[in-house]
Amino acid sequence: MKSARSLTFLALLTAIVVVLQFLGAFVRFGPFSVSLVLLPIVIGAALAGPLSGGWLGLVFGLVVLLSGDAGVFLAIDPVGAIIIVLGKGIVAGLGAGLFYRIFEKANKTLAAVAAAAICPIGNTGIFILGLYIFFLPTMRQWGADAGFENVTAFIFLGMVGLNFVFEFALNIILSPTIVRLIQLGVDGRLKAR
């Protein structure tokens, strides 16, 4: 029974990831859509484990690729774009789950905050690393075209700056709250039995 409940929970979160990513395509800070899907990734990673977080991150990456959100990068270097998009989602989910597990015994709220923080850091960090590895000449050109003399300044300020701040703040505020509410609901149902 527990495995059926866990599978249902993961399926629900998977559906939420798909819907939020498609809806998030309409919310933009800078050149990219805001990753609202990091919320269910953190929730799944915290409550169902790192592998579930990795799965949800993979689904996030697949939807990004299918939605056309990575289209400009796919046109330049398809292999690099696929590695970055799938890698950043998987790392964000796995990292959130691992950080939750590390801090869970000490304090569940701290664990949820740590998971909520590492998820956007992993997502954006892998994206930035991928830009340097696969798209540095393109980033230099785009930065110069945008008036940046330094490619690093362009990547951090022109490409990911506001988007990262919004995603980070949203995750730090909402993810731990949602995780805790779900835990309280589950604990309450168990006590009622």
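Rules and cut-offs
- Residues numbered from 1 in each chain as written.
- Predicted model: local features only at pLDDT ≥ 70, side-chain atom pairs only at ≥ 80, totals over all residues.
- Heavy atoms only, no water.
- Helix = DSSP H or I, 4+ residues; strand = E, 2+ residues; numbered from the N terminus.
- Contact = heavy atoms within 4.5 Å.
- Areas by Shrake-Rupley, 256 points an atom, 1.4 Å probe, with all protein chains shown as cover.
- Buried < 20%, exposed > 50% of the residue type's maximum accessible area, 1.4 Å probe, protein only.
- Polar contact = N/O pair within 3.5 Å; in protein donor to acceptor, adjacent residues only side chain to side chain.

Caption draft 1: Representation of the overall build of the protein chain in the model. Along its length, the protein chain carries 8 helices and 2 strands. Of the regular secondary structure in the protein chain, the N- to C-terminal order runs α-β-β-α-α-α-α-α-α-α. Counting only contacts in the protein chain whose residues sit at least 6 apart along the sequence, the fraction spanning at least 24 positions is 72%. Of the roughly 9800 Å² of accessible surface on the protein chain, a fraction of 73% belongs to carbon and sulfur atoms.

Caption draft 2: Highlighting the environment of proline 137. Here proline 137 shows up in helix H7 (residues 136-145). Residues proline 137 and valine 151, spaced 14 residues apart in sequence, show a C-alpha to C-alpha distance of 9.3 Å.

Caption draft 3: Geometry of the side chain of threonine 14. Tracing the sequence through the fold places threonine 14 in helix H1 (residues 2-24). With a relative accessible area of 15%, threonine 14 lands in the buried category. Within the structure, the side chain of threonine 14 is placed 2.8 Å from the backbone oxygen of leucine 10, a separation counted as a polar contact. Among the polar contacts listed, one links the side chain of threonine 14 to the side chain of tryptophan 55, at a separation of 2.9 Å. Ignoring sequence-local partners within four residues, the contact set of threonine 14 consists of Trp55, Leu56 and Val59.

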